[in-house]
Amino acid sequence: MDLEAFARELIACRRCPRLVAYREEVGRTKRRVYRDWDYWAKPVPGFGDPGARLVLFGLAPGAHGSNRTGRPFTGDASGAFLYPLLYEAGLASKPESRPGDDLRLFGVYLTAAVRCAPPENRPTREELRACSGWTEAELGLLPEARVYLALGRVALEALLDHFGMKKSAHPFFHGAHYLLPDGRHLLASYHVSRQNTQTGRLTREMFLEILLKAKGLAGL
Ligand code: SF4
């Protein structure tokens, strides 16, 4: 299977009844400012370079962000923070992302622990477990990956589960850096959500620093 076949299978997934209902309801009711949009309202496949050496791993699609546009971190405040910094770090062909544009990521792939928008950005444990099968498949299709950058605690814990590593021995904090059993790297940052970036918990400088570190470790 390649990433295109993966995406075709993924978008048909209806395994989590609560999330299926929510993503579709948001797609029907919409936010007023987006009333002319045809919301994606399906699972959101990852986006980026199939030969990625660096994988950014988020939490879940935003209800009116990637649940609307169908591309990770696209269409909401998270993406408005992330993409300009990817560009500044030399990892993207331009500083913004719009569905259907010609944006290219260089050596980077973006995905998340849960692929359907959850109410209040909070997937349940069962939903995380259900989507971990897709994580297994998707990360397995990125054989060049050397560095995984988890955005937030939930994303870090999902990656620790994926790699069979103990959560108690690998706590979340911004700037955490762990070695995988095979010597590859697992980093953690605060999530790029509006909640963190507008309160100053995560600044542009902080995120650029960790992005450049990840880029260096990945040999990009
Ligand atoms: Fe399927 Fe993952 Fe969406 Fe659940 S969150 S319905 S497992 S794609």
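Here is a short report on the structure shown in this document. The model shown is predicted, which means the values in this text are computed figures rather than measured ones.

## Focus: the overall build of the protein chain
Right, so step 1: Across its full length, the protein chain holds 8 helices and 6 strands.
Right, so step 2: Ordered by position from N to C terminus, the α and β elements of the protein chain give α-α-β-β-α-α-β-α-β-α-β-β-α-α.
Right, so step 3: For the protein chain, the C-alpha radius of gyration of 16 Å lies close to 17 Å, the compact-globule estimate for 220 residues.
Right, so step 4: When burial is assessed residue by residue, the protein chain has 51% of its 220 residues classed as buried.
Right, so step 5: In the protein chain, once contacts between residues fewer than 6 apart in sequence are set aside, the share between residues at least 24 apart is 67%.
Right, so step 6: Of the roughly 10600 Å² that the protein chain leaves accessible, carbon and sulfur atoms contribute 50%.
Right, so step 7: In the protein chain, the 31 positive side-chain charges and the 24 negative ones have mean positions that sit 4 Å from each other.

## Details of the nonpolar core
Most often, soluble globular proteins keep nonpolar side chains buried together rather than apart.
Right, so step 1: Residues Tyr148, Leu159 and Leu186 are the most contacted members of the largest nonpolar core, which totals 36 residues.
Right, so step 2: Contributing elements (two or more residues each) for this core: helix H1 (3–10), strand S2 (54–58), helix H5 (125–140), strand S4 (147–151), helix H6 (153–162) and strand S6 (185–189).
Right, so step 3: Broken down by element, this core gets its largest block of residues, 5 residues, from H6.
Right, so step 4: Among all residues touching leucine 186, those that are not within four sequence positions of it are Tyr148, Leu156, Leu159, Leu160, Ala176, His177, Tyr178 and Leu180.
Right, so step 5: Residues Phe47, Leu85, Leu86 and Leu202 belong to the second largest nonpolar core, which totals 28 residues.

## Regarding the site of the ligand
Right, so step 1: Surrounding the ligand, one finds Leu10, Cys13, Arg15, Cys16, Leu19, Pro43, Val114, Arg115, Cys116, Ala130, Cys131 and Trp134.
Right, so step 2: Looking at which element gives the most residues to the shell around the ligand, the answer is H5, with 3 residues.

## A short note on unusual backbone geometry
Right, so step 1: Positive phi, close to 55°, is recorded for glutamate 120, a residue that is not glycine.
Right, so step 2: Along the chain, glutamate 120 falls in the loop between strand S3 (108–112) and H5.
Right, so step 3: What makes glutamate 120 exposed here is its relative accessible area of 66%.
Right, so step 4: For asparagine 121, which is not a glycine, the phi torsion comes out positive at approximately 60°.
Right, so step 5: For asparagine 121, the location among the structural elements is in the loop between S3 and H5.
Right, so step 6: Judged by relative accessible area, which is 45%, asparagine 121 ranks as partly exposed.

## Structural notes on the packing of aromatic side chains
Right, so step 1: Within this structure, the stated rule accounts for 4 aromatic pairs.
Right, so step 2: On the numbers, 4.9 Å between centres and 65° between planes, the contact of tyrosine 148 with phenylalanine 163 is edge-to-face. Residue tyrosine 148 is located in strand S4, and its partner phenylalanine 163 is located in the loop between H6 and strand S5 (177–179); the two are separated by 15 residues in the primary sequence. Each member of the pair, tyrosine 148 together with phenylalanine 163, is buried.
Right, so step 3: Note that lysine 42 overlies the ring of tryptophan 40, its terminal NZ or CZ placed 4.2 Å from the centroid.
Right, so step 4: One residue, arginine 68, lies across the ring of tryptophan 37, its end atom 4.4 Å from the ring centre.

## Observations regarding the packing of H5 against H6
Right, so step 1: As a packed pair, H5 and H6 sit with axes 10 Å apart at the nearest point and diverge in direction by 65°. Classed by the angle they form, the pair H5 and H6 counts as roughly perpendicular. Between H5 and H6 the crossing geometry is right-handed. Here H5 contributes Leu128, Thr135, Glu136 and Leu139 to the contact with H6, which in turn contributes Val154, Leu159 and His162.
Right, so step 2: Here the contact of H5 with H6 is built from residues that sort into 4 nonpolar, 2 polar and 1 charged.

## Overview of the environment of glycine 46
Right, so step 1: Checked against the element boundaries, glycine 46 lands in the loop between helix H2 (17–29) and strand S1 (47–48).
Right, so step 2: With sequence-adjacent residues up to four places away left out, glycine 46 is seen in contact with Pro72, Tyr109, Leu110, Thr111 and Glu138.

## A short note on the pattern of salt bridges
Pairs can form between side chains of opposite charge once their charged atoms are near each other.
Right, so step 1: Here the structure, examined in full by the defined rule, presents 13 salt bridges.
Right, so step 2: When the shortest N-O distance is used, the salt bridge between glutamate 138 and arginine 115 registers 3.0 Å. Note that glutamate 138 is positioned in helix H5 and arginine 115 in the loop between S3 and H5, a separation of 23 residues in sequence.
Right, so step 3: The salt bridge partner of arginine 184 is aspartate 182, with a shortest N-O separation of 2.9 Å.
Right, so step 4: Among the charged side chains, a network of salt bridges with common partners joins Arg71, Lys94, Asp101 and Asp102.

Rules used throughout
Residues numbered from 1 in each chain as written. Predicted model: local features only at pLDDT ≥ 70, side-chain atom pairs only at ≥ 80, totals over all residues. Heavy atoms only, no water. Helix = DSSP H or I, 4+ residues; strand = E, 2+ residues; numbered from the N terminus. Rg over C-alpha atoms; globule rule 2.2 N^0.38 Å. Buried < 20%, exposed > 50% of the residue type's maximum accessible area, 1.4 Å probe, protein only. Contact = heavy atoms within 4.5 Å. Areas by Shrake-Rupley, 256 points an atom, 1.4 Å probe, with all protein chains shown as cover. Lys, Arg positive; Asp, Glu negative; His and termini not counted. Charge placed at Lys NZ, Arg CZ, Asp CG, Glu CD. Core = buried A, V, L, I, M, F, W, Y, C linked by side-chain atoms within 4.5 Å. Near = heavy atom within 4 Å. Phe/Tyr/Trp six-rings, centres within 6.5 Å; stacked < 30°, edge-to-face > 60°. Lys NZ or Arg CZ within 6 Å of the ring centre and 35° of its normal. Axes fitted to C-alpha atoms, helices over the stretch in contact; angles between N-to-C directions. Parallel < 35°, antiparallel > 145°, perpendicular 65-115°, else oblique. Left-handed = near helix turned anticlockwise from the far one by under 90°. Nonpolar A, V, L, I, M, F, W, Y, C, P; charged D, E, K, R; others polar. Salt bridge = Lys/Arg side-chain N within 4 Å of Asp/Glu carboxyl O.

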